[in-house]
Amino acid sequence: MYELLQVNIQRGDKHLLQHFDLYFRPQKITAIIGANGAGKSTLFKALLGDIAIDSGTISFAGKAIQQWSLDSLSRHRAYIAQSFRPVFAMPVYEYLLLAREPYTESEKHSERLIFDVANDIGIQHKLFTCITQLSGGEFQLVEFARAWLQLSENKDMSGKCLMLDEPSSALDIYQSQQLYRHILRFKDAGGTALIIDHDVNAVAKLADDLVMINAGALQTFGTAEDVFTAENINHCFNTQGHIYQHAYQLSYS
Ligand SMILES: Nc1ncnc2c1ncn2[C@@H]1O[C@H](COP(=O)(O)OP(=O)(O)OP(=O)(O)O)[C@@H](O)[C@H]1O
């Protein structure tokens, strides 16, 4: 889906991303992991076009990112930021309605879609609450619903990409599990998900592919099965741990 070829980003003397060659497989969940300050959010910013790259190319669905119109991009990829909170006051319903801006459709259609998605994500009882009165976790789920609505044309999410930067950071254990289930549902509908998450245990179970970033460099990437080794994890996080299979594991499916 996204492809990076020899992408470099440097600010002053600091190399934020160095020689990134990466391909994110469509209809898969790719987790991006790395220590604090490794460059994960910078990678997302580069994919979103929010930070200028110094060299290399980034393409989305086979087309250079600069050749996409903003309108078309907004229907193909949605981003959930790490700790965004809107400062304006409006009901959740109105906030979600903004996600339907790129589409020409009747008010009835938007309304039905918003109620359906809110129901699926379990925030239907919050639809008429003011967004400034939501807890951090509640707002995170609203953001997920907003992103889903932004990408919904029909039930098929093929060609659509959801980018999530630490989406479960404000969620309790139950809501985190629910969120991971929704991400799997998105994949089952044909969508592609890129997720930055510090919970390596969670992503090991969730992700098809893993990207490990270490001090602005791509340490390794591949299928989660190949990449999720104690050696790789220890190198990435400067730890000395072991990998254990626990008899008791919470399941997302
Ligand atoms: N515009 C900039 N100019 C200079 N340095 C920057 C800039 N943006 C980010 N950095 C630095 O680049 C490094 C990578 O930052 P980034 O936010 O991508 O890390 P991260 O892996 O997402 O970290 P975390 O897990 O803590 O969120 C950090 O050391 C940060 O201070």
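Everything quoted here is computed from the prediction, not taken from an experiment.

Draft legend 1. Expanded view of the UniProt feature "domain: ABC transporter" (unreviewed entry) in the protein. The sites that UniProt annotates as "domain: ABC transporter" (unreviewed entry) are residues 2–240. In this annotation, residues 2–240 is assigned 37% helix and 25% strand; the end-to-end C-alpha distance for the span is 33 Å.

Draft legend 2. Representation of the site of the ligand within the structure. In the region of the ligand, 14 residues are neighbours, and G37, G39, K40, S41 and T42 sit closest. Here N36 contributes a side-chain N or O atom positioned 3.0 Å from an oxygen atom of the ligand. G39 places a polar main-chain atom, nitrogen or oxygen, 2.9 Å from an oxygen atom of the ligand. Against a free-state accessible area of 650 Å², the protein chains account for coverage of 64% of the ligand. When contributions to the shell around the ligand are tallied by element, the ones reaching two or more residues are β2 (14–23) and α1 (40–48). Residue contributions to the shell around the ligand peak at 3 residues, all from α1.

Draft legend 3. The arrangement of the pattern of salt bridges in detail. The full count for this structure, using the stated rule, is 10 salt bridges. One salt bridge connects K126 with E138, and the closest N-O pair in it is separated by 3.4 Å. With K126 in the loop between α4 (107–121) and α5 (136–151) and E138 in helix α5, the pair connects residues that are 12 residues apart, well separated along the chain. Residue E138 is classed as partly exposed on the basis of its relative accessible area of 27%.

Draft legend 4. How the structure looks around the packing of aromatic side chains. Summed over all chains, the structure comprises 9 aromatic pairs. Joined through ring pairs, the aromatic side chains of Y2, F60 and W68 make up one cluster. The cationic tip of K63 hangs over the ring face of W68; the distance from NZ or CZ to the ring centre is 4.7 Å. Its end group placed over the ring of W148, R185 keeps NZ or CZ at 4.6 Å from the ring centre.

Draft legend 5. Geometry of the packing of α5 against helix α6 (residues 173–188). Relative to each other, α5 and α6 sit at 10 degrees, their axes nearing to 11 Å. Here α5 lies roughly parallel to α6, going by the angle between them. From α5, L141, F144, W148 and L151 reach across to α6, where they touch Q175, L179, H182, I183, R185 and F186. Per-class residue counts for the contact of α5 with α6 are 7 nonpolar, 2 polar and 1 charged.

Draft legend 6. Inspection of the side chain of Q140 at higher detail. If you trace the backbone, Q140 turns up in helix α5. A polar side-chain atom of Q140 sits 3.0 Å from the main-chain carbonyl oxygen of P167. When residues no more than four places from it in sequence are discounted, the contact partners of Q140 are I80, A81, Q82, E166, P167 and L171.

Draft legend 7. α4, seen in detail. Helix length check: α4 (15 residues) gives 21 Å between terminal C-alpha atoms against 21 Å at 1.5 Å per residue, within 8%. Three or more residues of α4 are buried, namely S110, L113, I114, V117, A118 and I121. Take α4 and look down its axis: the buried residues cluster within an arc of 125 degrees, on one side only. Counted as exposed and oriented over 90 degrees from the buried face of α4: K108 and R112. Looking at the buried side of α4, the elements it contacts are α3 (92–98), α5 and α6. G122 sits one or two positions beyond α4 and adopts a positive phi of about 80 degrees.

Reading guide: rules and limits
- Residues numbered from 1 in each chain as written.
- Predicted model: local features only at pLDDT ≥ 70, side-chain atom pairs only at ≥ 80, totals over all residues.
- Heavy atoms only, no water.
- UniProt positions renumbered as here; feature names shortened; annotations may be inferred.
- Helix = DSSP H or I, 4+ residues; strand = E, 2+ residues; numbered from the N terminus.
- Near = heavy atom within 4 Å.
- Polar contact = N/O pair within 3.5 Å; in protein donor to acceptor, adjacent residues only side chain to side chain.
- Areas by Shrake-Rupley, 256 points an atom, 1.4 Å probe, with all protein chains shown as cover.
- Salt bridge = Lys/Arg side-chain N within 4 Å of Asp/Glu carboxyl O.
- Buried < 20%, exposed > 50% of the residue type's maximum accessible area, 1.4 Å probe, protein only.
- Phe/Tyr/Trp six-rings, centres within 6.5 Å; stacked < 30°, edge-to-face > 60°.
- Lys NZ or Arg CZ within 6 Å of the ring centre and 35° of its normal.
- Axes fitted to C-alpha atoms, helices over the stretch in contact; angles between N-to-C directions.
- Parallel < 35°, antiparallel > 145°, perpendicular 65-115°, else oblique.
- Contact = heavy atoms within 4.5 Å.
- Nonpolar A, V, L, I, M, F, W, Y, C, P; charged D, E, K, R; others polar.
- Expected span 1.5 Å × (residues − 1).
- Arc of directions from axis to C-beta.

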